[in-house]
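# Results of the structural survey
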Amino acid sequence: MVRRIDVTGAGGVRLAAWEFADPPKNGESERTPGVLLLHGLMGRASHWASTARWLSERHRAVALDQRGHGQSGKPPEAAYTREAYVEDAEAALEQLGLAPTVLIGHAMGALTAWQLAAKRPDLVCGLIICDMRASALGAASQREWENWFKAWPVPFATLADVRKWFGEDDPWVERPNPSRGEFYAEVMHESDDGWRPVFEPEQMLKSRQTWVYDAHWEELAQVRCPALVVRGLDGELGRAESQEMVRVLPYGQYAEVAEAGHLVHYDQPEAWRAAIEPFLDGVLAP
């Protein structure tokens, strides 16, 4: 069962929320906190499908297509600011009736999650941060992303070409990575001239520029619920920074996943589950 639920975000932007499995029938999901899953930049809710399915064995788990992503609205005039993303997640929690919730976020979605946890502690009882840095990345990083988007050979003739380019030929790929190819195939749609991303690269850059120039340690220190920082050993979040994040978080914990890059939950889904399930068991225990 895959069910779409429409949510109204900040400024009236239409958002698509998704359940990928039926919640428990015994009423347990009504007695325990829900889970809201937030993808990263360029991602979509379906990237969380496998995680949402095993979470749904005991809890109501919902994944959100954030503004500009997936099947949510992509109005060019909309705000693609930090505040807008946080307000969207806040609105989703309230309209879906998930609070108090555990927020699970990957990359940009993790930043949204911890900023919301700091802003609205009444809505959040637990937080999982997956491979997102708290330090400022700077102008050079933004230029690298601009150049990377320009290097994409769009349109792709087939989905196989998408998988091969992002899994093997992309200059950012150090060694063949089939799961990365699958990840990007998930965000493509067929157009008249071939396969193109479901998002507008300009909107992605606009979203990114609202957080890459700033550090986000202050909001981490304001998170008052239990929080787990997860990194892939080959990801973008280094061990020293991740451990400093754990230290700054009032109730921080740490986990790492071997043989995983930035797309931790996609690279190693079983190891990802093993890394986060003990934390969830503690936070979500009835």
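Rules and cut-offs
All residue numbers here refer to positions counted from 1 along the written sequence of the relevant chain. A pLDDT threshold of at least 70 governs which residues receive local features in this predicted model, and a stricter bar of 80 or more applies before side-chain atom pairs are shown or counted, although totals over entire chains, interfaces and linings include all residues. Computation of side-chain values covers all heavy atoms of the structure but excludes hydrogens and water. By the criteria applied, helices consist of DSSP H or I runs no shorter than four residues and strands consist of E runs no shorter than two, each listed in order from the N terminus. The quantity called the radius of gyration is restricted to C-alpha atoms. Its globule counterpart is 2.2 Å times the number of residues to the power 0.38. We call a residue buried when its accessible area falls under 20% of the maximum for its residue type, exposed when it is over 50%, and partly exposed in between, using a 1.4 Å probe and counting protein chains only. In what follows, residue pairs with any heavy atoms lying within 4.5 Å of each other are defined as contacts. For the area figures, the Shrake-Rupley method with a 1.4 Å probe applies, and any residue is considered shielded solely by the protein chains shown. Working convention for charge: Lys and Arg count positive, Asp and Glu count negative, and His plus the chain ends are omitted. Think of each charge as sitting on NZ of Lys, CZ of Arg, CG of Asp or CD of Glu. Axis definition: a line fitted to C-alpha atoms, over the contacting stretch in the case of helices. Angles run 0 to 180 degrees between N-to-C directions. By the definition adopted for this analysis, an angle is roughly parallel if under 35 degrees, roughly antiparallel if over 145, roughly perpendicular if from 65 to 115, and oblique otherwise. Working rule for handedness: look at the near helix, and if it is turned counterclockwise from the far one by less than a right angle, call the crossing left-handed; if clockwise, right-handed. Residues are sorted three ways: Asp, Glu, Lys and Arg are charged, Ala, Val, Leu, Ile, Met, Phe, Trp, Tyr, Cys and Pro are nonpolar, and all the rest, Gly among them, are polar. Note: two strands are recorded as paired if DSSP finds a minimum of 2 bridges between them. Seen with the strands pointing away from the viewer, any crossover whose path from the first strand over the helix to the second strand runs clockwise is right-handed.

The next subject is the overall build of the chain. If you tally the helices and strands in the chain, you get 12 helices and 10 strands. Taking 19 Å as the expected radius of gyration for a compact globule of 286 residues, we find that the chain reaches 18 Å, a close match to that expectation. Principal-axis analysis of the C-alpha atoms places the extent of the chain at approximately 50 × 40 × 35 Å. The proportion of buried residues among the 286 residues of the chain is 56%. For the chain, the proportion of contacts with a sequence separation of at least 24, taken over those separated by at least 6, is 72%. Accessible surface, the chain as shown: approximately 12,000 Å² in total, 48% of it carbon and sulfur. Both charge centroids of the chain, one from 29 positive and one from 42 negative side chains, sit 2 Å from each other.

Next up on the list: the packing of helix 6 (residues 159–169) against helix 7 (residues 178–185). Interaxial distance between helix 6 and helix 7 falls to 7 Å at its minimum, and their mutual angle equals 130°. Comparing their axes, helix 7 and helix 6 come out oblique. As for the relative orientation of helix 6 and helix 7, their crossing is right-handed in sense. Here helix 6 contributes Leu 159, Val 162, Arg 163, Phe 166 and Gly 167 to the contact with helix 7, which in turn contributes Arg 180, Gly 181, Glu 182, Tyr 184 and Ala 185. Tallied by class, the residues present in the contact of helix 6 with helix 7 amount to five nonpolar, two polar and three charged.

What follows deals with the pairing of strand 6 (residues 124–130). Where burial is concerned, most of strand 6 is hidden: seven out of the seven residues are buried. Pairing analysis gives six bridges linking strand 5 (residues 101–106) to strand 6, with the strands arranged parallel. Among the inter-strand pairings, Thr 101 is bridged to a residue of strand 6, identified as Val 124. In terms of handedness, the path from strand 5 via helix 4 (residues 108–119) over to strand 6 forms a crossover that is right-handed. For strand 6 and strand 9 (residues 227–232), the ladder comprises four bridges, and the chain directions are parallel. Counted as the bridge partner of Ile 128 is Leu 228 from strand 9.

At a minimum axis separation of 9 Å, helix 3 (residues 82–96) and helix 4 run at an interaxial angle of 70°. Relative to helix 4, the element helix 3 lies roughly perpendicular. Residues Arg 82, Tyr 85, Val 86, Glu 87, Ala 89, Glu 90 and Leu 93 of helix 3 form the contact with helix 4, whose own contacting residues are Met 108, Leu 111, Thr 112, Gln 115, Leu 116 and Lys 119.

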